Amino acid sequence: MSEAKYGQEFIKHEFNEAIAVQQAIVEGSRQLADVHPDAPSKRAIASTLKKDERFLKDLRKLGQPYGASGELEEVAGSLKQLLEETVQSAGEAESEAYEAHAVLINLKRKQQDSAAAMVKIAREMKETELRDSAKEFHKAQKETAQELADALAEFAVTIATKNGNGRAKGSRA
């Protein structure tokens, strides 16, 4: 059990978590884009990766004044581990790639929650640069999570309409 955090220590914790989760998103996206069997999903992941790399850099910069460096804490560590494990098996079967893709989306949704909290904290502290950055980060995470979710839904249809020999149901050999 970790100790309670308040004030600047809580802000540092939030930045550490956001940086660590964003790092996991970037690393997981790179790996998943390499092995994902679905071309539209690969394109969506590659597209969101460019934005995620920029936001990782921004989070590191914004976290510096609070002493945050992306220290891996409990929640971020668990999410990172889950993404790593699912990405590792993503090349084995389409259903495994589907699972890894879904976990990636969940990490992006976690970032939306973190960004929303940072917007409110920054407003309260009258930190306009932090507020504006957090708003941009929130909006981008929401958009990219939706882009990945749309690709995942299409991929689900692809998987669901195949039979055991890799052909779409109803197709003839």
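Residues numbered from 1 in each chain as written. Predicted model: local features only at pLDDT ≥ 70, side-chain atom pairs only at ≥ 80, totals over all residues. Heavy atoms only, no water.

Draft legend 1. Broad picture of unusual backbone geometry. Even without being a glycine, Lys126 presents a positive backbone phi close to 55°. With respect to the helices and strands, Lys126 occurs in the loop between helix H4 (94–125) and helix H5 (128–160). (Helix = DSSP H or I, 4+ residues; strand = E, 2+ residues; numbered from the N terminus.)

Draft legend 2. Local environment of the layout of surface pockets. Of the pockets and cavities examined, the largest pocket occupies roughly 190 Å³. Where the lining of the largest pocket is concerned, the elements lending two or more residues are helix H1 (7–35), helix H2 (39–63), H4 and H5. (1 Å grid on protein atoms, 1.4 Å probe; cavity = no way out; pocket = protein on both sides within 12 Å on 5 of 7 lines; lining within 4 Å. Points joined across faces, edges and corners; volume = space filled by probe spheres on them.)

Draft legend 3. Region of the structure containing the environment of Phe15. Residue position: Phe15 is located in helix H1. Given a relative accessible area of 2%, Phe15 falls into the buried group. Along the backbone, Phe15 and Lys120 are 105 residues apart, and their C-alpha atoms lie at a distance of 14 Å. Those residues in contact with Phe15, other than ones at most four positions away along the chain, are Leu59, Leu62, Gly63, Tyr66, Ala68, Met118 and Leu130. (Buried < 20%, exposed > 50% of the residue type's maximum accessible area, 1.4 Å probe, protein only. Contact = heavy atoms within 4.5 Å.)

Draft legend 4. Layout of H2. Helix length check: H2 (25 residues) gives 35 Å between terminal C-alpha atoms against 36 Å at 1.5 Å per residue, within 8%. Taking the largest bend as the criterion, H2 deviates by roughly 25°, centred on Leu49. Listed in full, the buried residues belonging to H2 are Ser41, Ala44, Ile45, Thr48, Leu49, Asp52, Phe55, Leu56, Leu59, Leu62 and Gly63. Where H2 is buried, its residues contact H1, H4 and H5. (Expected span 1.5 Å × (residues − 1). Bend = angle between axes of the 7 residues up to and from the residue.)

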